[in-house]
Amino acid sequence: MEKENIHNVPNFLTLSRVVITFFVVYFIFAEYPMMYIVTAFVIGMITDFLDGQIARRFNSITKFGARFDIIADRILMIATVLAILIKFSSDGVLNSWYIFQIFLTMSREIISLPFIIINFASKKFIIPQVKFVGKLTTFMQAIAFPLILLNAFYYPNLTFSIYFAIVTSIIGIASGLTYTKDLRKR
């Protein structure tokens, strides 16, 4: 078995996404302004873009990094959403309209999470092929989720976030189904 060099910039960026998640969750529960929360979340999503780009460009792709990236992505999205739902739903800030939009943006995770857990628990953890639909879903989540929060907190009379949530949901469903289909094939 060949030993990988996991000490590289892409894996550091992936690790930083996990660390950023703790800041996002802290900002939520410590009641920092929404702009801090959104900014930290967007920075976390940018690390997702950068780690893959750098790994491919400088030929530093590792199996560890590919697995860790999937886990770090889910940690950022799911932890942020859970913290938002727990904190702001109980405070009465998020009504059912915005909660519905958040669930729409999480369509990929809702569909694929059971399969990810089964895959992760199996002895042969399968790293799915990176697909355009998955990257597009992540990109749309990076836009839609902050827009929903900004809409809820700063512009409650506007309805622009629902359009991004719907588009993200459609792409996310396609991504989730593609992911589960790939896992079933392997």
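Caption draft 1: Molecular detail of the pattern of salt bridges. A full pass over the atoms with the stated rule returns seven salt bridges. Two residues, Arg-17 and Asp-73, come together in a salt bridge whose shortest N-O distance is 3.1 Å. With Arg-17 in helix H1 (residues 9-29) and Asp-73 in helix H3 (residues 63-90), this pair connects stretches of sequence that are 56 residues apart. Between Glu-109 and Arg-108 there is a salt bridge whose closest N-O contact spans 3.3 Å. Overall, the relative accessible area of 4% leaves Glu-109 in the buried class.

Caption draft 2: Structural view of the nonpolar core. Ranked by size, the top nonpolar core spans 29 residues in total, and within it Ile-37, Ile-84 and Ile-102 carry the most contacts. Looking at this core, the element that brings in the most residues is H3, giving seven residues. Apart from the residues within four sequence positions on either side, Ile-102 is in contact with Val-81, Ile-84, Leu-85, Leu-94, Phe-145 and Ile-148.

Caption draft 3: Inspection of the packing of helix H2 (residues 34-57) against helix H6 (residues 132-154) at higher detail. Where H2 contacts H6, the axes come no closer than 10 Å and their chain directions differ by 175 degrees. As the angle between them shows, H2 and H6 are arranged roughly antiparallel. Between H2, through Met-34, Met-35, Val-38, Phe-41, Val-42, Met-45 and Asp-48, and H6, the contact on the second element is made entirely by Lys-135, Thr-138, Gln-141, Ala-142, Phe-145, Pro-146, Leu-149, Leu-150, Phe-153 and Tyr-154. Here the contact of H2 with H6 is built from residues that sort into 13 nonpolar, two polar and two charged.

Caption draft 4: Examining H2 more closely. For H2, with 24 residues, the first-to-last C-alpha span of 35 Å sits near the 34 Å given by 1.5 Å per residue. The first or second residue beyond H2 is Asn-59, which carries a positive phi of 50 degrees.

Caption draft 5: A nonpolar patch on the surface, seen in detail. Where nonpolar side chains cluster on the molecular surface, the patch consists of Tyr-26, Tyr-32, Met-35, Tyr-36, Tyr-154, Tyr-155 and Leu-158 and spans about 730 Å² of accessible area. As for its placement among the helices and strands, Tyr-155 is situated in the loop between H6 and helix H7 (160-185).

Rules and cut-offs
- Residues numbered from 1 in each chain as written.
- Predicted model: local features only at pLDDT ≥ 70, side-chain atom pairs only at ≥ 80, totals over all residues.
- Heavy atoms only, no water.
- Salt bridge = Lys/Arg side-chain N within 4 Å of Asp/Glu carboxyl O.
- Helix = DSSP H or I, 4+ residues; strand = E, 2+ residues; numbered from the N terminus.
- Buried < 20%, exposed > 50% of the residue type's maximum accessible area, 1.4 Å probe, protein only.
- Core = buried A, V, L, I, M, F, W, Y, C linked by side-chain atoms within 4.5 Å.
- Contact = heavy atoms within 4.5 Å.
- Axes fitted to C-alpha atoms, helices over the stretch in contact; angles between N-to-C directions.
- Parallel < 35°, antiparallel > 145°, perpendicular 65-115°, else oblique.
- Nonpolar A, V, L, I, M, F, W, Y, C, P; charged D, E, K, R; others polar.
- Expected span 1.5 Å × (residues − 1).
- Patch = residues over 30% accessible without salt bridge, like charges linked within 9 Å, V, L, I, M, F, W, Y side chains within 5 Å.
- Areas by Shrake-Rupley, 256 points an atom, 1.4 Å probe, with all protein chains shown as cover.

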